[in-house]
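Geometric and topological summary
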Amino acid sequence: MSSLITRVRLKQIENLIEKGKRLDGRGLGDYREIKIEQGIIEKAEGSARVLLGKTEVLVGVKIETGEPFPDTPNEGVLTVNAELVPLASPSFEAGPPDENSIELARVVDRGIRESKAIDAEKLVIEPGKKVFVVFVDIYVLNHDGNLIDAAALAAVAALRNTKMPNYEIENGEVKIKQGYTQLPMRAYPITVTLGKINGKLIVDPWLEEEEAIDSRISLAINDEGNICAIQKGGVGYFTPQQILEAARIAKEKATALRKKLDW
Amino acid sequence: MSEKPEKLIDKKGLRLDGRKPDELRPIKIEVGVLSNADGSAYIEHGKNKILAAAFGPREMHPKHLTLPDRMVLRCRYHMAPFSVQERKSPAPSRREIELSKVIREALEPAVFVEYYPRTGVDIFIEVLQADGGTRCASITAAALALADAGIPMRDLVAACAAGKVGDTVVLDLMDTEDKVGSADVPVAIMPNLNAVTLLQMDGILTFEEFERAVDLAIEGCKKIYAVQKEALKARYMAVKQEEEVEE
């Protein structure tokens, strides 16, 4: 996702980080300001918009009925898709999803799936035949760095806001009834991404820092503070010590964020 | 689908295939197996059978993708339709696209990309049979294909997964353990630089279990690295002998 960044700017970012500071005045372990709005798309069963600094991600959840996967007949289905909409950045192009949007969707998916955030067994209408399918569609509206954390946060916020249609079965047909119930949830994973510049770790890299970091690591942390998904990205590397340090920081940041959001 | 096994670890602490928790599956590697590729390698890691080929440095197509100050590394990880129990469509799945990306990012730190500006190197990986841990075996083979192509590298890249089955942290999960187990942590390292170039995880681990899994995976990578070196040596000893005979 890189465009060119001047060497002068790169040097400036590196020098500041050496002193424990960042271009936008944050400390190395600080998040940008986070704003979450829920239920802003009335036609969707659930929705949320997250502002992470200037990064803006909208997630809509739609619920339909469908068939379960043959190996999990007693579970509903979760599908996560991400669109890097061309209006969000000059580096995004219209067309089929590229590897960046597929990676984004799959990393968010893994955080939700592996923490068993959705109580999938409660989404079964008829075992092996009919279940609810939860579509989580991530829409990136403005790209200013760290799409993973913003999208993961927006996805969970949208799921928390999701209402399932009530239904009854009439002659083997599913009839949608009046009224809604809350989507059954068991966990609220929070994903924390760190970038590495000159061997130093920074939390929540924004766009210009993303151009400067050689690698990033994203960790999804569940309610108990355990790790439930990890993805390393970028063409650099981490030492084993840096990985453990990143895991420690991620746990600390996720706990603080969870408290602040009251999740 | 195979039946769900009752116990993944028996009373003696042995796994489904009789391995100890910290034991790798048997690994066989051959370098230089494809005559049309600039470099290639074939790996059998347990029941995984994977071919990797490297082409380049060569002119890039399409040309506009070239970079003025470095080579561009491209990677395609692909599974044969017959490589798994139920036929896989040959069209690239989202999983394959993600894996192609993470495999490329695992290999790129080892390559001196700045030595060949305005060129491209393509890595093609074909999984002929899959049995859990294909991304790691693919990286192990692809690193050798790059080396065999004579592309300057800082180090080889060796990869191996650790994970958790039942309550035990184990090395090198096979397919059933991966599916039924509670966590999977694939890791790739540059062994001489002590640098982790691939790290993913799914499942739930405590901080301590995660630390143990990463340690175990790195130990596994080091063992695989020894096999990699032997395979490279075997290939070039053969070349040397051929030359001596010709003389």
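Scroll up for the structure.
Described in the following lines is the structure provided in the data block. (Residues numbered from 1 in each chain as written. Chains lettered and ligands numbered in written order. Predicted model: local features only at pLDDT ≥ 70, side-chain atom pairs only at ≥ 80, totals over all residues. Heavy atoms only, no water.)

Residues and elements named next belong to chain A. Tallied over the full model, the rule gives four aromatic pairs over all chains. Aromatic side chains F132 and Y167 sit 5.4 Å apart centroid to centroid with 70° between the ring planes, which places their arrangement in the edge-to-face category. Of this pair, F132 sits in strand β6 (residues 130–142) while Y167 is found in strand β7 (residues 163–170), placing the two residues 35 residues apart along the sequence. Here F132 falls in the buried class, since its relative accessible area comes to 1%. According to the relative accessible area criterion, Y167 is partly exposed, its value standing at 29%. On the basis of an interplanar angle of 55° and a centroid distance of 6.2 Å, the ring pair of Y188 and W263 is categorised as tilted. Residue Y188 is found in the loop between β8 (173–182) and β9 (190–197), and its partner W263 is found in the segment after α5 (240–261); the two are separated by 75 residues along the sequence. A cation sits over an aromatic face here: R160 above Y188, 4.3 Å from the ring centre. (Phe/Tyr/Trp six-rings, centres within 6.5 Å; stacked < 30°, edge-to-face > 60°. Helix = DSSP H or I, 4+ residues; strand = E, 2+ residues; numbered from the N terminus. Buried < 20%, exposed > 50% of the residue type's maximum accessible area, 1.4 Å probe, protein only. Lys NZ or Arg CZ within 6 Å of the ring centre and 35° of its normal.)

Turning next to the sheet that holds strand β3 (residues 48–58) of chain B. Strand pairing in a sheet takes place through backbone hydrogen bonds and is either antiparallel or parallel in direction. Residues and elements named next belong to chain B. Spatially, five strands are ordered β1-β2-β3-β5-β4 in an open sheet, and the strand pairing comes out mixed. With one partner strand each, in any of the chains shown, β1 (27–31) and β4 (72–79) form the two edges of the open sheet. Ignoring strand direction, the axes of neighbouring strands in this sheet form an average angle of 15°. As defined by bridge partners, β4 adjoins strand β5 (residues 120–129) across eight bridges and the pair is classed as parallel. Across the sheet, the residue bridging to V72 is G120, located in β5. Sitting on the sheet, helix α2 (residues 134–148) touches β1, β2 (39–45), β3, β4 and β5, and the angle it makes with β2 is about 150°. (Pairing = 2+ DSSP bridges. Axes fitted to C-alpha atoms, helices over the stretch in contact; angles between N-to-C directions. Contact = heavy atoms within 4.5 Å.)

Glancing now at the nonpolar core. The biggest cluster of nonpolar side chains holds 135 residues, and the ones touching the most others in it are V134, L194 and L219 of chain A together with L146 and F210 of chain B. Sequence-distant contacts of L146 of chain B, defined by excluding residues within four places in its chain, comprise A54, L73, L107, V111, V121, I123, I151 and M153 of chain B. Counting seven residues, the second-largest nonpolar core is a separate cluster that includes I13, L28, I197 and I202 of chain A. (Core = buried A, V, L, I, M, F, W, Y, C linked by side-chain atoms within 4.5 Å.)

This paragraph deals with unusual backbone geometry. Residues and elements named next belong to chain B. In this structure, the amide linkage connecting G56 to the following residue, P57, adopts the cis form with an omega of 0°. By secondary structure assignment, the location of P57 is in strand β3. Located in the positive-phi region is D172, a residue other than glycine, with phi close to 60°. Position of D172 among the secondary structure elements: in the loop between β7 (168–171) and α3 (175–180). Taking the relative accessible area as the measure of exposure, D172 reaches 3% and is therefore buried.

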